[in-house]
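Results of the structural survey
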Amino acid sequence: MPKMKTHKGTAKRFKKTGTGKIKHKQSGSSHLLTHKTRSRKRHLKASGLVSKADQQSIKRLLPYA
């Protein structure tokens with residue numbers, strides 16, 4: 001059986017935490033920031049956790065993470 005390949009697009013966007021959950025960067029924080037409020041931009045800095053429904057499909061794309 002050949003080795004499984006990591007999906008590189010997924011590997012760049014998601015990281016695994018120590019407890020096994022998957023975290024991601026908030027979307028909407030890279031451009032068009034002038035019309036967004038300070039508090040909204042501040043909240044976009046924080047990373048979020050992937051929902052339970054999506055975790056299984058992401059773990060399949062990252063077999064060695």
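Overview of the structure. Here the residue numbers are simple positions, counted from 1 along each chain's written sequence. Only residues with pLDDT of 70 or above have their local features reported here, since the model is predicted, and side-chain atom pairs are shown and tallied only from 80 upward, although totals for entire chains, interfaces and linings are computed over all residues. As a rule here, side-chain values cover all heavy atoms of the structure and leave hydrogens and water aside.

1. Describing the pairing of strand S2 (residues 22–25)
For a regular strand, side-chain orientation follows a simple rule: the groups alternate between the two sheet faces. Criterion used throughout: strands pair if DSSP finds at least two bridges between them. Secondary structure counts use DSSP, requiring at least four H or I residues in a row for a helix and at least two E residues in a row for a strand, with both numbered from the N terminus. Two strands pair when backbone bridges link them, and strand S1 (residues 14–16) and S2 are joined in this way by three bridges, in the antiparallel orientation. Its bridge partner being in S2, Phe-14 is matched across the sheet by His-24. Counting the residues between successive antiparallel strands, the hairpin from S1 to S2 contains five residues, one of them, Gly-20, with a positive phi of roughly 100°. In this structure, S2 lies alongside strand S3 (residues 47–49), joined through three bridges in antiparallel fashion. When the bridges of S3 are listed, Lys-25 appears paired with Ser-47.

2. Focus on the nonpolar core
Throughout, nonpolar core names a set of buried Ala, Val, Leu, Ile, Met, Phe, Trp, Tyr and Cys residues whose side chains join them through atoms within 4.5 Å. Three exposure classes are used, based on accessible area relative to the maximum for each residue type with a 1.4 Å probe and protein chains only: buried under 20%, partly exposed in between, and exposed over 50%. If you look at the biggest cluster of nonpolar residues, it comprises five residues: Phe-14, Ile-22, Val-50, Ile-58 and Leu-62. Sequence-distant contacts of Ile-58, that is, excluding residues within four places in its chain, are made with Thr-10, Phe-14, Ile-22 and Val-50. Any two residues whose heavy atoms approach within 4.5 Å at even a single point are treated as in contact.

3. Examining the sheet that holds S1
As summarised here, the arrangement of the three strands in space is S1-S2-S3, forming an open sheet in which the pairing is antiparallel. Strand pairing shows two members of the sheet lacking a second neighbour, S1 and S3, which therefore form its edges. On average, each strand axis in the sheet is inclined to that of its neighbour by 35°, with strand direction left out of account. Axis definition: a line fitted to C-alpha atoms, over the contacting stretch in the case of helices. Angles run 0 to 180 degrees between N-to-C directions.

4. Considerations on the side chain of Gln-55
Along the chain, the position of Gln-55 falls in helix H3 (residues 52–61). Sequence-distant contacts of Gln-55, that is, excluding residues within four places in its chain, are made with Lys-21, Ile-22 and Val-50.

5. A short note on the environment of Thr-37
Mapped onto the fold, Thr-37 is located in the loop between S2 and helix H2 (38–45). By relative accessible area, Thr-37 is classed as partly exposed at 46%. Separated by 21 residues in the primary sequence, Thr-37 and Ile-58 place their C-alpha atoms 32 Å from one another.

Such coordinate-based values are descriptive only and should not be taken to indicate function.
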